[in-house]
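Chain and residue survey
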Amino acid sequence: LPILIWLPSSVPPGVVEGAVRRLAQRHEILRTGFGMDEAGLYARVASAAVQDWELPQVECRPEDVGAALAGLLEKGFDLSTAPLFRAALIRDGGEEQLLAVVCHHIIGDGWSSKLLEKELRELVAADQEARPATLAPMPVRFVEVAAYQRTRSEKPSSEQTEFWRAELADLP
């Protein structure tokens, strides 16, 4: 799941790295790894998974930006080890630089990638303008959503069961 953000080349790499770190601290799903045990899949949120994380910089020619991006997209993820995203700042000497963030699909979707892009842009802008970032409060935490979904999936309601029985009744 790629998130591609073109930023002015005048934005220092340290500012971009700080924005990605703050984003990961804000969204615990970006610091989550997954495991399996006899009960099934479980999530493990790492409190400091991005504390020592560094944003790689890729210096290349303009015609090599696609290859640099492809290299970032081709790598797999170890689901047991957070973070389940990687990022790089691709710089080609032009007026813009590309922040490429790739998330494993287990931690994101199209809607969340738009939110992460919006928040990354705001974090970078706030740093550049020396002001606090204006981000909406987090309405719910990932672990709360996961716990709710687990209770819903472990025991379907009688309404759900009856609905699917009716829907599937005429199948051979």
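Before reading further, recall that the structure is shown in the block above.
Below, the structure is looked at part by part.

Bringing the nonpolar core into the picture now. Within the largest apolar cluster, 27 residues are counted, with the highest numbers of intra-cluster contacts made by Leu30, Phe85, Leu99, Val101, Cys103 and Leu120. Of all the elements in the fold, those that place two or more residues in this core are β1 (2-8), α1 (13-26), β5 (85-91), β6 (96-103) and α3 (110-128). Those residues in contact with Leu120, other than ones at most four positions away along the chain, are Ile5, Ala19, Val20, Leu23, Leu99 and Val101. In terms of nonpolar packing, the next biggest core, distinct from the first, is built from ten residues, Leu69, Leu72, Ile90 and Ala100 among them.

Moving on to the pattern of salt bridges. Evaluation of the coordinates by the stated rule reveals ten salt bridges. The partner of Arg131 in a salt bridge is Glu122, and the shortest N-O contact between them spans 2.6 Å. Of the residues examined, Glu122 reaches a relative accessible area of 18% and is grouped as buried. Between Arg131 and Glu129 there is a salt bridge, and its shortest N-O distance comes to 2.7 Å. Members of the salt-bridge network, linked through shared partners, are Arg61, Glu63 and Asp64.

The way to describe two aromatic rings as a pair is by their centre distance and the angle between their planes. What the rule picks out here adds up to one aromatic pair. Consider the rings of Trp53 and Phe85, whose centres lie 5.8 Å apart with planes at 50°: the pair is tilted. Taken together, the residues Trp53 in the loop between β3 (40-45) and β4 (57-59) and Phe85 in strand β5 connect sequence positions 32 residues apart. Both residues of the pair, Trp53 and Phe85, count as buried. The ring of Phe77 is capped by Arg86, whose NZ or CZ atom sits 4.1 Å from the centre of that ring.

Below, the discussion takes up the side chain of Arg86. Looking at the element boundaries, Arg86 is found in strand β5. Buried charged residue Arg86 carries no salt bridge. Nearest counter-charge: Glu74, at 9.3 Å. Looking at Arg86, its side chain comes within polar contact range of the main-chain oxygen of Gly76, at 3.4 Å.

This part is about the pairing of strand β2 (residues 32-37). Strand direction decides the pairing type here: β2 and β3, joined by six bridges, are antiparallel. If you follow Met36 over to β3, its bridge partner there is Leu41. Linking β2 back to β3 in an antiparallel pair, the connection comprises two residues.

Counted residue by residue, β6 has seven buried out of eight residues, so it is predominantly covered. Across seven bridges, β1 lies against β6 in antiparallel orientation. Looking across to β6, one finds that Ile3 is bridged to Val101. As paired strands, β5 and β6 are joined by seven bridges and run antiparallel to one another. Within the sheet, the bridge partner assigned to Ala88 lies in β6 and is Ala100. With antiparallel pairing between neighbouring strands as the criterion, β5 and β6 make up a hairpin whose turn holds four residues, including Gly93 at a positive phi of roughly 85°.

Let's shift gears to α1. Between the first and last C-alpha of α1 there are 20 Å, a value that for 14 residues agrees with the 20 Å anticipated at 1.5 Å per step. Every buried residue belonging to α1 is among Val15, Val16, Glu17, Gly18, Ala19, Val20, Leu23 and Ala24, and all of these are buried. The inward-facing, buried residues of α1 contact β1, β5, β6 and α3.

What counts as what
- Residues numbered from 1 in each chain as written.
- Predicted model: local features only at pLDDT ≥ 70, side-chain atom pairs only at ≥ 80, totals over all residues.
- Heavy atoms only, no water.
- Core = buried A, V, L, I, M, F, W, Y, C linked by side-chain atoms within 4.5 Å.
- Buried < 20%, exposed > 50% of the residue type's maximum accessible area, 1.4 Å probe, protein only.
- Helix = DSSP H or I, 4+ residues; strand = E, 2+ residues; numbered from the N terminus.
- Contact = heavy atoms within 4.5 Å.
- Salt bridge = Lys/Arg side-chain N within 4 Å of Asp/Glu carboxyl O.
- Phe/Tyr/Trp six-rings, centres within 6.5 Å; stacked < 30°, edge-to-face > 60°.
- Lys NZ or Arg CZ within 6 Å of the ring centre and 35° of its normal.
- Lys, Arg positive; Asp, Glu negative; His and termini not counted.
- Polar contact = N/O pair within 3.5 Å; in protein donor to acceptor, adjacent residues only side chain to side chain.
- Pairing = 2+ DSSP bridges.
- Expected span 1.5 Å × (residues − 1).

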